[in-house]
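Survey of secondary and tertiary structure
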Amino acid sequence: MITMDLMAIDLAYGLEKLLLIGGIITVSLIVAMYTTYAERKVAAWMQDRRGPNRAGPFGLLQPVADGLKLFFKEEIIPLTSNKTLFVLGPALAMVTAMLTSAVIPWGSSINIFGRDVSLQIADVNIGILYVFGVVSMGVYGIMIGGWSSNNKFSLIAAVRGASQIISYELAMGLSLIALLMMTGSLSLKTIVQQQMEGGWNIIYQPLGFLIFLICVFAECNRTPFDLPEAENELNFGYHQEYSSMKLGLYLFSEYVNMFISSAVVSTLFFGGYDIPFVDEAALSLSLGANTVALLGFGALFAKILFFLFLFIWVRWTIPRFRYDQLMDLGWKKLIPLALANMLITALVILWLNK
Amino acid sequence: MHINEILFWFLTALALFSAMMVVFSKNPVHSVLWLIMVFMAITGHYIIMNAQFLAIVNMIVYAGAIMVLFLFVIMFMNLNAESEPQKSKWMKFAAVLSGGSLMLILIAALKDNDGFISSMRGEGSIGLIKNLGKVLFTDYVVPFEISSILFLSAMVGAVVLGKKESSTIVS
């Protein structure tokens, strides 16, 4: 009987996690889909145009139409390309874009049929390092795709992209060390809970946030750091030889990356699922824990949408960096700044604890 | 079979197969990609042993950073299966001999070690970041700092090498 019980619990646990994973993947894909729409609408708004408005009311079906178009395009694999790697590239880009979502706490736990279901796929105690691990894997999608296309422009773009991501990873890590010295924990859930009690990290780490945000833009290959796809220098960048849905996966993974990194930024610096100016514990007594958990998820989502808007806003405002300027900013400005931030944080912590 | 055991054998098979493919692939880029697979499998082993920090650092540093640099160099040099230099027979013979004797020594060294099996069950918390940090910064602080100086000197060396070239061009 005991083994039966154990199996039942395991099954329910597995099912719960599977549903959660399915839900998060669906949500990120839908959000990514509508970010493409938002990008075009916001761009139009900033440039005093109308933007997509033909497919469906307000052009809301535009992303569906785009997706269908990509699906129905002819699949072309260049003759001289490396076929296995050519297919592997976009797949890797998409997978690594999704993987980070595993450690993000999307909300506190909700209670379904007497079971506490945590809205986080895995609360590992190395949460942030896991994010870094996946980010460093993300380079391969670009590099493999660019190299296997057997095209000079693709290769140059791939190498550019990879060196950019490696360079900005350093400053990103250094800016986070200052944050981690304050929290004393690498688990994202613990970091959110600390922010619920002691105020958001942005108050204590404004400089760290700024450095982190710049690095996130660079890691996502977004303007002003979109040199891997600088069309006036490299035609179309590392996905030049791609067509149909393989191209779609590359383009889409950029938006998934934006969504996930917005979630990471909100979690680390803006309290994650914390509802601002509200005491969750008191509220859950009057409204019930489930409602508060859903509200918290809503709060996180609002923060994510704001950062997505910021991504788009910056793209249509700031022109692209030149490559040497990009490297200059990464190595000579952001890294020393992050180091100084780290030292100051350490000194203040030591001084306060004395 | 316990789930850890299944995972262990799966990862072991994966690691060994990928390691073989590193050696046997004609294309250097494929070799590097297989090597990344080896590192991933080893990362999996670390996770089974509950050495989370080691696992993730292995992934970030080896599979992430170092292999990207390898890939960089190989992509730039445009090495192909055709341009691979053929080593002489004696070289291959010597390589097999030295590799074989290294394996013998390793087997001899690990044969009597039973600390292995207990750590394979995923018990023990020494691999968790808190404990590892404490051990590193109390018991082993001197070797730890010395190794960091080693890294610093390597970094300074790299900068010096890079600087020299540009100054000769200017002059």
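Residues numbered from 1 in each chain as written. Chains lettered and ligands numbered in written order. Predicted model: local features only at pLDDT ≥ 70, side-chain atom pairs only at ≥ 80, totals over all residues. Heavy atoms only, no water.

1. Focus on the nonpolar core
Ranked by size, the top nonpolar core spans 75 residues in total, and within it W106, I128, Y168, F209, F212, F259 and L268 of chain A carry the most contacts. Ranked by the residues each element gives to this core, the list is headed by helix 10 (residues 244-269) of chain A, at 10 residues. Those residues in contact with I128 of chain A that lie beyond four places of it in its chain are L176, L180, L186, L188, I191 and L268 of chain A. In terms of nonpolar packing, the next biggest core, distinct from the first, is built from 34 residues, I142 of chain A together with V32, M67 and V68 of chain B among them. (Core = buried A, V, L, I, M, F, W, Y, C linked by side-chain atoms within 4.5 Å. Buried < 20%, exposed > 50% of the residue type's maximum accessible area, 1.4 Å probe, protein only. Helix = DSSP H or I, 4+ residues; strand = E, 2+ residues; numbered from the N terminus. Contact = heavy atoms within 4.5 Å.)

2. Section: the side chain of S262 of chain A
With respect to the helices and strands, S262 of chain A occurs in helix 10. At 2.7 Å, the side chain of S262 of chain A and the backbone oxygen of M258 of chain A are in polar contact. (Polar contact = N/O pair within 3.5 Å; in protein donor to acceptor, adjacent residues only side chain to side chain.)

3. Focus on the interface of chain A and chain B
Across the boundary between the two partners, chain A contributes 22 residues, which contact 21 residues of chain B. Scanning the region where chain A abuts chain B turns up zero salt bridges. Where chain A meets chain B, there are three residue pairs in polar contact (both at pLDDT 80 or more). Residue assignment for the side of chain A that touches chain B shows that the elements contributing at least two residues are helix 4 (127-148) and helix 5 (152-183) of chain A. When residues in the side of chain A that touches chain B are grouped by element, the largest group, 12 residues, is from helix 4 of chain A. Along the lines of polarity and charge, the residues of the side of chain A that touches chain B split into 17 nonpolar, five polar and no charged. (Salt bridge = Lys/Arg side-chain N within 4 Å of Asp/Glu carboxyl O. Nonpolar A, V, L, I, M, F, W, Y, C, P; charged D, E, K, R; others polar.)

4. Side note on the domain arrangement of chain B
All names here are of chain B. Annotation of chain B at the domain level lists domain 1 (1-81 + 112-139) and domain 2 (140-171). Between domain 1 and domain 2, the contact holds five residues from the first and four residues from the second. Each partner contributes to the roughly 450 Å² buried at the junction of domain 1 and domain 2, and carbon and sulfur atoms together form 71% of this total. Among the residues domain 1 hides against domain 2, the three largest losses belong to L136, F137 and D139. Together they make up 83% of the total. (Domains from an automatic or database assignment. Buried area = accessible area lost by both parts, 1.4 Å probe.)

5. Re a nonpolar patch on the surface
Judged by side-chain polarity, L61, V64, L68, F71 and F72 of chain A come together as a nonpolar surface patch covering roughly 540 Å² of accessible area. For V64 of chain A, the position within the fold is in helix 2 (residues 62-72). (Patch = residues over 30% accessible without salt bridge, like charges linked within 9 Å, V, L, I, M, F, W, Y side chains within 5 Å. Areas by Shrake-Rupley, 256 points an atom, 1.4 Å probe, with all protein chains shown as cover.)

6. A few points about the packing of aromatic side chains
Tallying each qualifying case throughout the model produces 22 aromatic pairs over all chains. Here the aromatic rings of F86 of chain A and Y242 of chain A are separated by 4.1 Å at their centres, their planes lie at 0°, and the arrangement is stacked. Here Y242 of chain A lies in the loop between helix 9 (231-234) and helix 10 and F86 of chain A lies in helix 3 (residues 83-99), a separation of 156 residues in the sequence. Side by side, F86 of chain A and Y242 of chain A carry an identical accessibility label, which is buried. Look at F8 of chain B and W9 of chain B: their rings are 5.1 Å apart centre to centre, the planes differ by 75°, and that puts the pair in the edge-to-face class. Exposure remark for F8 of chain B: the relative accessible area of 17% places this residue in the buried category. An aromatic cluster is defined as three or more aromatic residues linked by ring pairs; in this entry it consists of W200, F209, F212, F269, F270, F306 and F307 of chain A. (Phe/Tyr/Trp six-rings, centres within 6.5 Å; stacked < 30°, edge-to-face > 60°.)

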